[in-house]
Amino acid sequence: MTVILDGKALANKMQEDLANEVTEWKNKGYRIPTLVVILIGEDSASKVYVKNKEKSAQKIGFNSIVRRLDITIKEEDLLSIIESYNQDDSVDGILVQLPLPKHIDEEKVLLAIDPRKDVDGFHPLNVGKLFVGDPDMHPCTPYGIITLLKEHNIQLAGKKVVIIGRSNIVGKPLIHMMLNEDATVTIAHSKTKNLKNETLTADVLVAAIGQAEFITSDYVKEGAVVVDVGMNRNSEGKLVGDVDYQDVLPKVSAITPVPGGVGPMTITMLMEQTMNQGRKYCGEEKE
Ligand code: NDP
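Residues numbered from 1 in each chain as written. Predicted model: local features only at pLDDT ≥ 70, side-chain atom pairs only at ≥ 80, totals over all residues.

## Examining the pairing of strand S4 (residues 93–96)
The alternating pattern of S4 places Gly93 and Leu95 and Ile94 and Val96 on opposite faces, both of which are buried. Pairing of strand S2 (residues 34–40) with S4, which is carried by four bridges, proceeds in the parallel orientation. Within the sheet, the bridge partner assigned to valine 36 lies in S4 and is isoleucine 94. (Buried ≥ 20, exposed ≤ 12 C-beta atoms within 10 Å, placed from the backbone. Helix = DSSP H or I, 4+ residues; strand = E, 2+ residues; numbered from the N terminus. Pairing = 2+ DSSP bridges.)

## What to know about the site of the ligand
The environment of the ligand is formed by 25 residues, the closest being Gly165, Ser167, Ser190, Gly210 and Thr266. Tallying contributions element by element places helix H10 (residues 262–282) first for the shell around the ligand, with three residues. A breakdown of the residues in the shell around the ligand according to their chemical character gives 10 nonpolar, 13 polar and two charged. (Near = placed C-beta within 6 Å. Nonpolar A, V, L, I, M, F, W, Y, C, P; charged D, E, K, R; others polar.)

## Details of the UniProt feature "binding site: NADP(+)" (unreviewed entry) in the chain
In the numbering used here, UniProt assigns the feature "binding site: NADP(+)" (unreviewed entry) to Gly165, Arg166 and Ser167. Not counting chain neighbours up to four residues away, the residues in contact with glycine 165 comprise Val170, Gly171, His189, Ala208 and Ile209. Relative to the helices and strands, serine 167 is located in the loop between strand S5 (160–164) and helix H7 (171–180). On the neighbour-count criterion, serine 167 (16 C-beta atoms within 10 Å) is partly exposed. Apart from the residues within four sequence positions on either side, serine 167 is in contact with Lys172 and Ala208. (UniProt positions renumbered as here; feature names shortened; annotations may be inferred. Contact = placed C-beta atoms within 7 Å.)

Structure follows, in structure tokens:
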């Protein structure tokens with residue numbers, strides 16, 4: 001029987017635990033964790049992502065601040081707003097929703113966020129720390145994938161992991177997290193020759209491609225674990241992953257659904273990292 005790696009269920013459980021912890025903090029008279037999300041402009045997808053983050057933060061009981069800025073904001077003004085949140089001891093997490101308008105340099109913005117408050121895990125210092133070991137903050141999507149696999153006791157040590165997609169937010173950081181779990185990692189992309197030759201060797205196959213239902217059963221080894229990161233609209237407008245779920249399902253030992261797999265975990269890791277920074281502030285850091 002194929003195990004469905006239910007990210008929604010785990011995310012709900014983790015968010016409930018966080019909510020209980022926040023209630024305990026309130027009862028103890030501690031300051032509750034604060035997450036600041038900065039949204040620039042009117043991009044409709046970004047607005048939806050920010051709304052979802054706000055909803056989760058509020059449900060948990062965080063102090064949730066969404067700072068909406070006009071698309072014409074000058075880079076220097078954005079940088080000084082970020083700096084004011086860096087200096088504010090009541091703020092635990094700062095996230096600037098990407099993509100940014102063209103006149104703003106993304107690297108400068110990511111560098112401006114205090115790495116200790118970089119709950120998205122995209123600050124170059126955290127990226128570098130991930131390369132050499134364990135950063136303060138992890139990029140949330142790969143962190144969510146590892147958390148989901150561990151929750152289901154899926155062993156990664158010694159396993160062959162093939163990741164398709166080399167973006168800075170998913171594929172590249174996941175290489176290091178999988179290496180930290182002692183997996184043997186291959187990364188594939190659009191220039192990879194004979195993609196199937198690679199994917200058919202995978203004990204764990206991660207698809208982060210951005211193409212609806214690209215991975216069919218002929219790409220997948222019998223009994224493999226499949227993680228589908230993709231979020232795409234098919235021709236009927238339905239949300240689907242990068243994996244053809246129904247085709248692949250009977251062949252694999254475990255699979256993440258879309259929706260309800262990696263997506264809810266991503267947002268939950270954002271909340272977990274905000275809480276963790278709050279725990280440090282309050283001296284309640286978990287072992
Ligand atoms: P990018 O577009 O940044 O990267 C896509 C990657 O896939 C690239 O490395 C590209 O190769 C590779 N690729 C594209 N076509 C092929 C192909 N035919 N064969 C092999 N490799 C290919 O995407 P993201 O990493 O940002 O996102 C990937 C998917 O995951 C999207 O559907 C996105 O919506 C989703 N996503 C979901 C999240 C979640 O929380 N569930 C979070 C983040 C993303 P090359 O580098 O050569 O161009």
